[in-house]
Amino acid sequence: MDRVDKILAQWKNERPDLDTEAMGIMGRLKRLTTHLAREVDQVLQQQGLSSSSFDVLATLRRSGAPYRLSPGDLLSMTMVSSGTMTNRIDQLEKVGLVERVLNPDDRRSVLIALTEAGFAAVESAVGLHIANQQRLTQGFSAEEKAQLDALLRKFLATFE
């Protein structure tokens, strides 16, 4: 029995009329998110990065050369508020991992670009990040991973 089972048992005892099946799914997803975030953060912190800074750097890196995007594109790819994105960019710029460069197509706007240090940081971190994700899912067979991925994709599609 996990902690969610204990919660569900309490509800069953107190309110046997409630269908708590969805509560079990949601509770487990929430608890997994907490545990997984902690595990991801530990690996990224060893690289001197937070999850939020890695998110920006990885988004720039996977966009391909020349590794620069508009703030709006970064915003849409990371699903955070514009204030949050501005703060992330400011912090990364302070430590020299990104820079604001004039947009060659529109001199009134800027692009956010990886610096050499930012490129090196994300290159170093991404391999460790992927290895950590593989470690975190190693308890599943290949077939189970595919099933879980399909179910989560279906669930996510109801929102996106």
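Look up: the structure comes first, before these words.
Residues numbered from 1 in each chain as written. Predicted model: local features only at pLDDT ≥ 70, side-chain atom pairs only at ≥ 80, totals over all residues. Heavy atoms only, no water.

Caption draft 1: How the structure looks around the side chain of T20. For T20, the location among the structural elements is in the loop between α1 (3-14) and α2 (21-46). What T20 contacts, discounting residues up to four positions off in sequence, is L8 and W11. (Helix = DSSP H or I, 4+ residues; strand = E, 2+ residues; numbered from the N terminus. Contact = heavy atoms within 4.5 Å.)

Caption draft 2: Structural context of the pairing of strand β2 (residues 98-103). Direction of pairing for β2 relative to strand β3 (residues 106-114): antiparallel, over a ladder of six bridges. Across the sheet, the residue bridging to V98 is L114, located in β3. What sits between β2 and β3 in their antiparallel hairpin is a turn of two residues. (Pairing = 2+ DSSP bridges.)

Caption draft 3: Structural view of the pattern of salt bridges. Scanning the entire structure with this criterion turns up 10 salt bridges. A salt bridge links R28 to D5; its shortest N-O distance comes to 2.6 Å. With R28 in helix α2 and D5 in helix α1, this residue pair connects regions lying 23 residues apart in the sequence. Several salt bridges converge on common partners, so that one network encompasses D2, D5 and R28. (Salt bridge = Lys/Arg side-chain N within 4 Å of Asp/Glu carboxyl O.)

Caption draft 4: Structural context of the environment of G48. By secondary structure assignment, the location of G48 is in the loop between α2 and α3 (51-62). Along the backbone, G48 and A121 are 73 residues apart, and their C-alpha atoms lie at a distance of 8.5 Å.

Caption draft 5: Fine view of the sheet that holds β3. Taking strand neighbours across the sheet as the criterion, the three strands line up as β1-β3-β2 in an open arrangement whose pairing is antiparallel. The open sheet has two edge strands, β1 (68-69) and β2, and neither has a second partner. Its contacts with the sheet place helix α5 (residues 82-94) against β2 and β3, and it is angled at close to 110 degrees to β2. (Axes fitted to C-alpha atoms, helices over the stretch in contact; angles between N-to-C directions.)

Caption draft 6: Representation of a positive patch on the surface. A cluster of basic residues, R3, K6, R31 and R38, forms a positive patch on the protein surface. Of all elements in the fold, only α1 and α2 reach the threshold of two or more residues within the positive patch. By secondary structure assignment, the location of R3 is in helix α1. R3 sits in the exposed class, given a relative accessible area of 56%. (Patch = residues over 30% accessible without salt bridge, like charges linked within 9 Å, V, L, I, M, F, W, Y side chains within 5 Å. Areas by Shrake-Rupley, 256 points an atom, 1.4 Å probe, with all protein chains shown as cover. Lys, Arg positive; Asp, Glu negative; His and termini not counted. Charge placed at Lys NZ, Arg CZ, Asp CG, Glu CD. Buried < 20%, exposed > 50% of the residue type's maximum accessible area, 1.4 Å probe, protein only.)

Caption draft 7: Main features of the packing of aromatic side chains. Summed over all chains, the structure comprises two aromatic pairs. Seen in terms of ring centroids, Y67 and F119 are 5.1 Å apart; in terms of plane orientation they differ by 50 degrees. Their pairing is tilted. One end of the pair, Y67, is in the loop between α3 and β1; the other, F119, is in helix α6 (residues 116-136), with 52 residues separating them in the sequence. A residue is classified by how much of its surface remains accessible, and F119, at 27% relative accessible area, is partly exposed. (Phe/Tyr/Trp six-rings, centres within 6.5 Å; stacked < 30°, edge-to-face > 60°.)

Caption draft 8: Layout of unusual backbone geometry. That bond from A65 to P66 is cis: its omega, 10 degrees, falls within 30 degrees of zero. Relative to the helices and strands, P66 resides in the loop between α3 and β1. A positive phi angle, close to 60 degrees, is found at Y67, a residue other than glycine.

Caption draft 9: Looking closely at the nonpolar core. Core analysis: the biggest nonpolar cluster contains 20 residues, and L49, F54, L57, L60, L74 and V98 have the highest contact counts within it. Going through the elements one at a time, α2, α3, α5, β3 and α6 are the ones with two or more residues in this core. It is α3 that contributes the most residues to this core, five residues altogether. In contact with L74, not counting residues within four places along its chain, are V56, T59, L60, L69, M85, I89 and I112. (Core = buried A, V, L, I, M, F, W, Y, C linked by side-chain atoms within 4.5 Å.)

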